[in-house]
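Structural description and commentary
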Amino acid sequence: MPRPLLRARALPALLVAALVAGAVLAAAPATAEGRRVVVPAARPAWATAEADDGAVPAGTDVEFELALALPDESGARAFALAASTPGTPQYRQFLSPSDWIARFAPTQATVDTVTTAVEGAGLTVEAVPQSRLFLLLKGTAAQVDAFLSTRLHAFDVEGEQRLAAVGTATLPQPVARSVAAITFTHARITHTPTAKTRTTASTCSQYWRQHVVALARTAYGQRSTSTPLCGYSAAQLRTIARPKGSALTGAGQTIAVIDAFGAPSMRRDLATYSSRNGLPAADYTEVLPASVDESYGCTAADWQPEQALDLEAAHAVAPGAKLVYVAAADCGTGFDVAMSTVLDRGLASIVSNSWGATALDTLTGAGLGDDATAQSMVVMLHQQLQAAGQGVGLYFASGDDGDERELLGTPAVDFPASSPFVTAVGGTATGLNRSGSRAFTTAWGEDVAVLGGSKRSAWSPKLPGAFLGGAGGGRSSLFAAPAYQVGVVPSSLSHGMRTATDVSALAASSTGFLAGYRPSGASGSYVTGSVGGTSLATPIVAAQVALAQQATGRRLGFLNPALYAVARARPSALRDVAPSTVRRAVAVRSGSRTVLVTVDRDGTLGTRKGYDLPTGLGELTSSTFTALGRL
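Residues numbered from 1 in each chain as written. Predicted model: local features only at pLDDT ≥ 70, side-chain atom pairs only at ≥ 80, totals over all residues. Heavy atoms only, no water.

Some remarks on the overall build of the chain
- Of the regular secondary structure elements, the chain holds 16 helices and 28 strands.
- By the burial criterion, 61% of the 631 residues in the chain qualify as buried.
- Look at the contacts in the chain between residues 6 or more apart in sequence, and 79% of them connect residues 24 or more apart.
- Carbon together with sulfur atoms contributes 52% to the accessible area of the chain, which is approximately 22,300 Å² in total. (Helix = DSSP H or I, 4+ residues; strand = E, 2+ residues; numbered from the N terminus. Buried < 20%, exposed > 50% of the residue type's maximum accessible area, 1.4 Å probe, protein only. Contact = heavy atoms within 4.5 Å. Areas by Shrake-Rupley, 256 points an atom, 1.4 Å probe, with all protein chains shown as cover.)

Quick notes on the sheet that holds strand β9 (residues 179-183)
- Taken in spatial order, the four strands make up an open sheet running β4-β5-β3-β9, and their pairing is antiparallel. A single partner strand is all that each edge strand has here, and the edge strands are β4 (124-127) and β9. The mean angle between the axes of side-by-side strands here comes to 30°, regardless of whether they run parallel or antiparallel.
- Both β4 and strand β5 (residues 134-140) contribute to a ladder of three bridges, which runs antiparallel. In the sheet register, V125 faces β5, and the bridge partner there is L137.
- Strand contacts of helix α5 (residues 141-148): β3 (61-68), β5 and β9, with the helix running at about 120° to β5, the strand carrying the most contacts. (Pairing = 2+ DSSP bridges. Axes fitted to C-alpha atoms, helices over the stretch in contact; angles between N-to-C directions.)

Focus on α5
- Buried within α5 are the following residues: A141, V144, D145, F147 and L148. The buried side chains of α5 occupy one side of the element, clustering within an arc of 165° when seen end-on.
- Of the residues one or two after α5, S149 is the one with positive phi, at around 50°. (Arc of directions from axis to C-beta.)

Some thoughts on the packing of aromatic side chains
- Inspection of every chain in the model, using the stated rule, returns eleven aromatic pairs.
- Judged by centre distance (5.9 Å) and plane angle (40°), the ring pair of F79 and F104 falls under tilted. One end of the pair, F79, is in helix α2 (residues 73-84); the other, F104, is in helix α3 (residues 97-104), and 25 residues separate them in sequence. Take F79 and F104: they sit in the same class, and that class is buried.
- Where W208 meets F440, the ring centres are 4.8 Å apart and the plane angle is 75°; that geometry is what we call edge-to-face. Taken as a pair, W208 in the loop between β10 (194-197) and β11 (212-219) and F440 in strand β19 (residues 438-443) lie far apart in primary sequence, 232 residues in all. Take W208 and F440: they sit in the same class, and that class is buried.
- Among the aromatic side chains, those forming a connected cluster through ring pairs are W303, F335, W355 and F396.
- Sitting over the face of the ring of Y220, R583 holds its NZ or CZ atom 5.2 Å from the ring centroid. (Phe/Tyr/Trp six-rings, centres within 6.5 Å; stacked < 30°, edge-to-face > 60°. Lys NZ or Arg CZ within 6 Å of the ring centre and 35° of its normal.)

A look at the side chain of R92
- Position of R92 relative to the elements: it lies in the loop between α2 and α3.
- The buried charged residue R92 lacks any salt bridge partner; its closest oppositely charged side chain belongs to D502, at an N-O distance of 16 Å.
- A distance of 3.2 Å separates a polar atom in the side chain of R92 from the backbone oxygen of L628.
- Beyond its immediate sequence surroundings of up to four residues, R92 is in contact with A83, R554, R555, L556, L628 and L631. (Lys, Arg positive; Asp, Glu negative; His and termini not counted. Salt bridge = Lys/Arg side-chain N within 4 Å of Asp/Glu carboxyl O. Polar contact = N/O pair within 3.5 Å; in protein donor to acceptor, adjacent residues only side chain to side chain.)

Some thoughts on the confidence of the model for the chain
- Summing up the model confidence of the chain, the mean pLDDT is 87 and the portion of residues at 70 or higher is 88%.
- In this model, residues 196-201 is a region of pLDDT below 50 whose contacts with residues beyond four sequence positions or in other chains number eleven contacts.
- Scored below 50 in pLDDT, residues 363-372 shows 46 contacts in the model against residues more than four places distant or in partner chains. (pLDDT = per-residue confidence, 0-100.)

Regarding the side chain of T430
- Along the chain, T430 falls in strand β18 (residues 423-432).
- Among the polar contacts made by the side chain of T430, one reaches the side chain of T441 at a distance of 3.1 Å.
- When residues no more than four places from it in sequence are discounted, the contact partners of T430 are Y232, I240, R438, F440, T441, L506, T511 and E619.

Looking at the environment of A214
- Turning to its location among the elements, A214 is positioned in strand β11.
- Using a relative accessible area of 45% as the deciding quantity, one classes A214 as partly exposed.
- Each C-alpha atom of the pair A214 and S226 lies 9.1 Å from the other, and the pair is twelve residues apart in sequence.
- Residues within four places of A214 in sequence aside, it is in contact with R223, S224 and R589.

Describing helix α7 (residues 234-241)
- Where burial is concerned, most of α7 is hidden: six out of the eight residues are buried.
- Residues of α7 that are buried include every one of A234, Q236, L237, R238, I240 and A241, and no others.

Some words on the pairing of β19
- In terms of strand pairing, β18 meets β19 through five bridges, oriented antiparallel. The residue bridging T428 from the neighbouring strand is A443, located in β19.
- In sequence, β18 turns back onto β19 through a hairpin of five residues, with G436 there showing a positive phi of about 95°.

Okay, here's the thing in structure tokens:
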């Protein structure tokens, strides 16, 4: 899941109100000619005088996005909730993509009006999804300056060049009436599956405590502990994630995976993974962009391990489900295009998303954020309403840095995981015994300490050590507590706001998953490694939902209202990840030193009986499937 590259400052109150209430850009007083409208909050917080590198040269190509306003956003929101909430007459009465678009999307006349204006300004329309939620535009800086009656400047933001309008920006009145947001620099979408190189049998274990390391100094009352696991096989992962003795395979279900770019070796990689793990060949389809943009160090090579992890984990848990991989062309607006492709074409009822952007959902972050933070959310929020209305469940990784406090200096949650219309997936650590039964399950949080070789050495830093990573979770700064969380999430955690996570699954790298791919291309060697992070937990949960849909014979759609209803009526239907009096750690020898990784302490995020921030309601079980089927 995303490691934070973007950090946000306080959002203008007007922009927050527009985001939460679903309003279009507020119309400021018109210009003297009465034909243009001022765009509020057009200049982002990071566009400071100190960061200003000057005007963008007139001939520079600029890409930006116009998010169009929904004609009846309150109606779309009400329908999404009604179709997803047990007990309503509309429960599970989902719309087809074409019906949702006809009922709630911006009209073609609106698109035509905006298109006429932008093309009249010399701009090119690069993409408009079938749902007409946004227009992706391109033009020279001079053309954009004229279109907005302002001037674009470049800003140096943490070593990256970003663009923003300086001074007052305006839009032609007919266009402003239909535009909900303008985004020059999309929130940088990032991911970081936690990985470690595959180790030999002498330094890693196939199961918990197969190999142990003797400790020269006691740790948590113990003088020995397990080596890290080599990475669970498909069979072991199914033992953890699938109901015991179950014959469910996810047959008849389709899981879409959205990541950036597309590895040319992926089809062969999946075949190799399936063969090595005794799985049937994957029913696999790819939807790839015609061209890609690897700007700002966001490369296809970086994303290849994520793609392999997501697809192989989903296939391991639900080997009978169809897999559709939809690739973004870049690490920005390409994700909007990819999501609309899934929703508009009705490609899947379950979408796994091991990506996001950190600190978009904080009003108090001390760092720098993306351009007009809330504006960058608008398209995704509209897509989430579409997904819920169509009965498509969106599953998002909660993050790999706990509550982000160490990075940002203040607690924060990742977006889109913090949205009330997606299911946020947190992380656990699970050890299997030699027999294949569970030795333990805890929240995922890893801290490292080192013991030197001398007799006088002590653990440094003092146990549990320095925080390495753990499941994301926290309280939203933008979204009020949704009705489905009220009465389940303790008020001491929510303070009246949406909290993430919702559910959890295996994520710890120390008890991770053995994935593989060909980094040098389809004809290269297949390399394996143990991986973890909520990037792993998310496709596991997506695959579990595929099993649940097969078991119930129903499309579950946006799961949260039903999931929290189950937790409220029958909390034992989910596997609660409660605090443990026994601390778990793994250790490796490095020369004369011993490196100890505590696996169950997630920074400042703690577990508790019932709902907690790093694991949410807990893990899905066969009882969860049964309870969901009865709603």
